[in-house]
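# A structural walkthrough
Here are the chains, one letter per residue:
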Amino acid sequence: MREEYQNMNEQDALKVENEVIKMKLMLEHGAEFRYSEEAPPLSAETEHEFLNYIMDFEQQEALAREGTVFEVLGRPQHFPDVDQVSDEEITEVLQDLLQYMKERGIELTVFSPNVTAREIYRFIKLELFEHRMLHMNMPGMITCFIYDEFHPDHPYENSRTAVNECLKEIFQDDELQWTFQYEQTLRINDHKDLSIDLFRRLINKFKKKFDHIEPLSFDTTECVITGDLCVVTGKYEICFTTKDEHLLRMGQWNVNFRYWDELDIWMIYEIQVEGIEF
């Protein structure tokens, strides 16, 4: 604790020290501090720990060096080329490589279940090792790369989005909020040319008809990509509960996407759910 704080009690001195660190972060690094009135206030001790972490991070970033992943990992030479590893050995060799990377602060995540162990190993050796990164030497800090960002599996991602970010959001009790991956003009069943706001209001009005909506299953049967258009189809079972009865509905569904090249993202523009009146 600084000498100028000696006449203060520990809590007041810590609060003053926190304000000094904030001022340094604002002046030297352009930091901004905004507080939500709804969030509970941090204790002086927690805030002090957080501010010191940010200060350490900024100092380490200034000292960070750029290099390839291979260089950051220490130029490992003991991992064989992919064509030198047998099918029986590939899983074990891959796990050894992933563990080696993790111990040195680099991790690789793969979301698509369609990527083989051999492809992941090939990707690391031939592509990720050559990728340039900013390396900061901070204890406990992990740099995580995502395979799917380098090699997207569009059928898998669109099928997952159609179910999890679209249908499950529509057919559940809570009001629809998430509409990030929708185009500005939508169609759902017979309702055409809906703005995002009208689409949201239509769905939430539909939800209010029921005391409870229980999605029993959303199965994907096919994903077809033709140019910049994608259609994901499947089957559903949903139970709708009112105060008088339980209604079981089942049928086909499809969610249509269009690829937006400028954003590098697939956007939903049409939803069809058989047997449902919105």
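Our subject is the structure that appears above.
This write-up is about the structure you can find in this document. The residue count restarts for each chain, going from 1 along the sequence in the order it is written. Reporting in this predicted model follows two pLDDT cut-offs: at least 70 for local features of residues, and 80 or more for side-chain atom pairs to be given and counted; totals over whole chains, interfaces and linings ignore these cut-offs and use all residues. Water and hydrogen atoms were dropped before computing side-chain values, which therefore reflect all heavy atoms in the structure.

### Re the overall build of the chain
Rule in force here: Think of it this way: any DSSP run of H or I at least four residues long counts as a helix, any run of E at least two long counts as a strand, and we number them from the N terminus. Partly exposed describes any residue whose relative accessible area lies between the buried limit of under 20% and the exposed limit of over 50%, with all areas from a 1.4 Å probe on protein chains only and scaled to the type maximum. The contact definition used throughout considers only heavy atoms, calling two residues in contact when any of these lie within 4.5 Å. For accessible areas, the Shrake-Rupley method is used with a probe of radius 1.4 Å. Any residue's cover is judged against the shown protein chains and nothing else.
Within the chain, the regular secondary structure consists of 8 helices and 10 strands. Relative to its 278 residues, the chain shows a buried fraction of 38%. By sequence separation, contacts in the chain at least 24 residues apart represent 64% of the contacts at least 6 residues apart. Total accessible area computed for the chain in this model is approximately 17,400 Å², and 48% of it derives from carbon and sulfur atoms.

### Quick look at helix H8 (residues 196-207)
Heads up, the condition is: In this analysis, the expected span of each helix is defined as 1.5 Å times one less than the number of residues it contains.
Between its terminal C-alpha atoms H8 stretches 17 Å, which fits the 16 Å expected from 12 residues at 1.5 Å a residue. All buried positions along H8 are accounted for by Ile196, Phe199, Leu202, Ile203, Asn204, Phe206 and Lys207. Along its buried surface, H8 packs onto helix H7 (154-170), strand E5 (182-188), strand E6 (191-195), strand E7 (212-226), strand E8 (229-241) and strand E10 (265-273).

### Re the sheet that holds E6
How we decide: Strand pairing requires that DSSP identify at least two bridges connecting the strands. Orientation is described by lines fitted to C-alpha atoms, with helices fitted over the stretch in contact, and by angles between N-to-C directions that extend from 0 to 180 degrees.
With respect to topology, 6 strands assemble into an open sheet ordered E6-E5-E10-E9-E8-E7, the strand pairing being mixed. Looking along the sheet, the strands with just one partner apiece sit at the ends: E6 and E7. Across the sheet, the mean angle from the axis of one strand to that of its neighbour is 20°, orientation sign disregarded. Two elements, E5 and E10, share 3 bridges in a ladder whose sense is parallel. By the bridge assignment, Ile188 is partnered in E10 with Ile271.

### So, helix H5 (residues 117-126)
Looking only at H5, the buried set comprises Ile120, Tyr121, Phe123, Ile124 and Lys125. Where H5 is buried, its residues touch helix H4 (90-103), strand E2 (106-109) and helix H6 (147-150).

### Things to note about the side chain of Asp153
The condition is simple: Think of it this way: Lys and Arg go in the positive column, Asp and Glu in the negative one, and His and the chain ends go nowhere. Salt bridge criterion: a side-chain nitrogen from Lys or Arg within 4 Å of a carboxyl oxygen from Asp or Glu.
As for its placement among the helices and strands, Asp153 is situated in the loop between H6 and H7. An unpaired buried charge is present at Asp153: no salt bridge exists, and Arg160, the closest side chain of opposite charge, is 11 Å distant. In contact with Asp153, not counting residues within four places along its chain, are Ser112 and Asn114.

### Side note on the pairing of E10
Counting buried residues along E10, 8 of its 9 residues qualify, which places the element largely inside the surrounding structure. Pairing of strand E9 (residues 246-260) with E10, which is carried by 8 bridges, proceeds in the antiparallel orientation. Within the sheet, the bridge partner assigned to Val255 lies in E10 and is Ile271.

### Observations concerning a negative patch on the surface
For clarity, the cut-off: Surface patches are drawn from residues lacking salt bridges whose relative accessible area is over 30%; two like charges belong together within 9 Å, two nonpolar side chains (Val, Leu, Ile, Met, Phe, Trp, Tyr) within 5 Å. Where a charge sits is defined by one atom per residue type, namely NZ (Lys), CZ (Arg), CG (Asp) or CD (Glu).
Among the surface-exposed residues, Asp173, Asp174, Glu175, Asp211, Glu214, Asp244 and Glu245 lie close enough to one another that they form a single negatively charged patch. You can see Asp244 is positioned in the loop between E8 and E9. Classification of Asp244 by relative accessible area gives exposed; the value is 66%.

### A word on the nonpolar core
Just so we agree on the cut-off: Definition of nonpolar core: a set of buried residues of the types Ala, Val, Leu, Ile, Met, Phe, Trp, Tyr and Cys, connected through side-chain atoms within 4.5 Å.
By size, the foremost hydrophobic cluster in this structure holds 34 residues, and its most contacted members are Phe171, Phe199 and Ile271. If you list the elements that add at least two residues to this core, you get H7, E5, H8, E7, E8, E9 and E10. Those residues in contact with Phe171 that lie beyond four places of it in its chain are Phe206, Lys207, Ile213, Pro215, Phe218, Ile238, Phe240, Val273, Ile276 and Phe278. Core analysis: the next-biggest nonpolar cluster, separate from the first, contains 25 residues, Val69, Leu94, Ile120 and Leu128 among them.

### Section: the environment of Asp83
Among the secondary structure elements, Asp83 is positioned in the loop between helix H3 (69-72) and H4. A sequence separation of 39 residues divides Asp83 from Arg122, and the C-alpha atoms of the two residues are 8.8 Å apart.

### Let's talk about unusual backbone geometry
Residues other than glycine predominantly adopt negative phi, and peptide bonds predominantly adopt the trans conformation. Look at Arg75: it is not a glycine, yet its phi comes out positive at around 55°. Looking at where Arg75 falls in the secondary structure, it is placed in the loop between H3 and H4. When its relative accessible area of 47% is taken as the criterion, Arg75 is described as partly exposed. If you check the backbone angles, Asn189 has positive phi at about 50° while not being a glycine. The exposure class assigned to Asn189 is buried, which follows from its relative accessible area of 9%.

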